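# Fold and geometry: a report
Here's the letter readout for the chains.
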Amino acid sequence: MKDDDWPGHLWLEGRTLVHLRSHQPRPSHMPRGPATKTGDGFLNPAMAPARTRSVMILSDAIEYGWLAPEGKLIRILDAMCATGVRSRRWRKEVPKQEKLRITANDLDNKSIGWAKASHEMHPIGDNHNWKPELSRFSREIEGNVEDGIHWITGDANKLMIQTPFQWIDVDPFGSPVPFLDAAIQSISRIGVLDVTATDTAALCGSAKTSAARRYGSIGITDSYMHDDAVRILLGTIARIAAMHDKTIHPILSLFDGHHVRVTVLLKRSKEDASKWSERIGYRIRSSPYHFQNSPEGNYSGPMWTGPIFDREIASRITVERAISLCSGKDEDLPTDWSLTDIEHSHRELERTVRHISESAELLSQEHLLVAIDDLGVAAKVSQIPSMKKIFSALEDAGFKACRCHMPEPMFATNAPWEQVIAATKKSAK
Ligand SMILES: C[S@@+](CC[C@H](N)C(=O)[O-])C[C@H]1O[C@@H](n2cnc3c(N)ncnc32)[C@H](O)[C@@H]1O
């Protein structure tokens with residue numbers, strides 16, 4: 001179903017042509033922040049980096065075979081697809097489409113109409129059509145497959161309860177909590193759950209009553225609030241997963257601009273799920289902090305205290321890979337795109353993966369997170385040295401350090417706090 005505004009105006013996200021509503025301005029490259037206008041058929045360009053990373057992780061799963069062994073399919077659900085941009089990007093940009101069965105769902109009829117019209121206007125045309133399997137209850141699933149995407153207009157919770165998937169993307173307005181239980185149930189033995197949360201005031205600790213209600217957590221709005229937000233969401237997913245005999249293994253967990261985005265591998269194992277609380281604890285503000293299982297003093301949590309990246313997968317999220325998979329080729333470009341647009345889109349891809357691969361090693365193990373802005377007071381130096389200088393002083397002392405993909409300048413290290421202070425003092429001289 002097209003509407004009066006169709007076709008809006010064209011934009012290229014990744015390698016995929018999308019139709020923006022006429023009222024939406026041409027996106028500035030590298031837009032940030034929450035959508036100022038929403039409503040049916042709204043596509044938020046600020047979420048493009050999260051979609052690019054999802055194309056990259058899905059491509060990685062197929063290439064390295066860590067989700068579905070040879071011969072097995074990945075049934076993937078874009079549970080709240082809105083204008084279908086994520087599903088259309090999976091369809092256009094992920095290699096080896098024969099391994100994929102993409103389902104795109106939204107409750108809003110107009111959004112699905114816009115999504116289908118966009119897909120029809122820019123077909124892939126590789127004859128990748130397939131028949132949806134019956135639901136868990138041997139019923140036919142509604143909707144139809146068009147040029148390789150199964151479009152459904154319906155409630156995500158109902159669909160996830162009815163049908164098993166190996167990969168689910170949950171991207172609601174606000175908190176994902178109402179969808180987590182059904183998503184975790186839908187993933188049977190092993191699968192990936194990708195979750196976006198835009199209720200950052202609750203996750204970062206400024207909206208205290210919402211935080212307590214939704215996540216059972218307490219936050220502190222200091223330098224660690226963004227890392228806390230990521231870990232509080234992971235902790236909530238781990239708790240619900242354990243209720244369904246499942247464990248989580250974080251692949252990539254980020255606070256990006258105005259939202260939290262976590263990608264976890266879920267596995268069924270009663271034995272491991274019984275130990276879920278071993279990885280849950282509180283961040284106790286000390287010098288500067290430590291995690292422990294029970295709350296004490298000035299604390300935030302409860303939250304996930306384990307690793308937040310998968311070392312191998314995150315180390316492959318590089319600029320080269322982002323450009324090879326997701327940068328517009330000549331044949332993809334809208335006719336009104338200039339060289340400056342192309343240059344900007346490359347820069348956006350660089351920003352999308354910045355600091356991820358180099359922080360893969362430390363964020364996939366126990367580490368200390370340090371906010372550069374806290375170092376002046378803590379190390380009693382009048383001018384905070386550059387990160388580069390601090391890193392080289394830490395490396396001289398036999399430790400590792402790397403910058404993290406965070407809204408503020410922060411780094412991770414395997415050095416203890418005293419060594420960080422010593423390295424700061426030394427490099428400030
Ligand atoms: C933030 S938007 C999704 C954006 C989209 N994933 C993208 O990348 O452009 C949230 C969407 O959730 C849809 N929605 C809200 N409740 C839903 C439900 N119970 N089932 C399915 N979709 C729902 C809304 O219609 C809206 O399109």
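Description of the structure in this document. These numbers come from a predicted model, not from an experiment.

Thresholds, definitions, all that
- Residues numbered from 1 in each chain as written.
- Predicted model: local features only at pLDDT ≥ 70, side-chain atom pairs only at ≥ 80, totals over all residues.
- Heavy atoms only, no water.
- Pairing = 2+ DSSP bridges.
- Helix = DSSP H or I, 4+ residues; strand = E, 2+ residues; numbered from the N terminus.
- Axes fitted to C-alpha atoms, helices over the stretch in contact; angles between N-to-C directions.
- Contact = heavy atoms within 4.5 Å.
- Near = heavy atom within 4 Å.
- Polar contact = N/O pair within 3.5 Å; in protein donor to acceptor, adjacent residues only side chain to side chain.
- Areas by Shrake-Rupley, 256 points an atom, 1.4 Å probe, with all protein chains shown as cover.
- Core = buried A, V, L, I, M, F, W, Y, C linked by side-chain atoms within 4.5 Å.
- Buried < 20%, exposed > 50% of the residue type's maximum accessible area, 1.4 Å probe, protein only.
- Domains from an automatic or database assignment.
- Arc of directions from axis to C-beta.
- Salt bridge = Lys/Arg side-chain N within 4 Å of Asp/Glu carboxyl O.

Next up on the list: the sheet that holds strand β12 (residues 289-292). Pairing is antiparallel across the open sheet formed by three strands, whose spatial order is β12-β11-β13. Two strands lie at the open edges of the sheet, namely β12 and β13 (299-304), each paired on one side alone. Between one strand axis and the next, the sheet turns through 25° on average, direction left out of account. Here strand β11 (residues 280-285) pairs with β12 via four bridges, running antiparallel. Residue R285 lies in a different strand from β12, and its bridge partner there is Y289. With respect to the sheet, helix α8 (residues 225-243) is in contact with β11, β12 and β13, its orientation differing from that of β13 by roughly 45°.

Taken together, the neighbourhood of the ligand is formed by 18 residues, with R51, M80, D106, D155 and D171 sitting nearest. A distance of 2.7 Å separates a nitrogen atom of the ligand from a polar atom in the side chain of D155. Here a nitrogen atom of the ligand sits 2.7 Å away from a polar atom, N or O, in the side chain of D171. Burial of the ligand by the protein amounts to 84% of the accessible area it has alone, namely 600 Å². Within the residue set of the shell around the ligand, elements represented by two or more residues are α2 (85-93) and β4 (100-106).

Formed by 112 residues in total, the largest nonpolar core has its most connected members in W66, W167, I168, L193, I237 and F411. It is α8 that provides the largest number of residues to this core, a total of nine residues. Both of domain 1 (9-313) and domain 2 (368-429) provide at least three residues apiece to this core. Those residues in contact with W66 that sit more than four places away from it in its chain are I57, D60, A61, W167, V192, I251, L265, I313 and R316.

What follows concerns the side chain of S300. Within the secondary structure layout, S300 lies in strand β13. Dropping the residues within four chain positions of it, S300 is found in contact with I218, G219, I220, D228, Y282, R283 and R285.

Here helix α15 (residues 387-396) has its buried residues at M387, I390, F391, A393 and L394. Looking straight down α15, one finds that the buried residues subtend no more than 165° of arc, so they occupy a single side. Exposed side chains of α15 directed beyond 90 degrees from the buried face belong to K388 and D396. Where α15 is buried, its residues meet α14 (375-379), β15 (401-403), β16 (410-413) and α16 (417-428). Of the residues trailing α15, G398 is marked for its positive phi of about 90°.

In this section: the pattern of salt bridges. For the structure on display, the rule yields 29 salt bridges. In this structure, the salt-bridge partner of R86 is D171, at a minimum N-O distance of 3.2 Å. Here the residue R86 occupies a position in helix α2, and D171 occupies one in the loop between β7 (165-170) and α5 (177-186), the gap between them amounting to 85 residues. One continuous salt-bridge network, built from bridges that share partners, spans D222, D227, D228, R231, R283 and R285.

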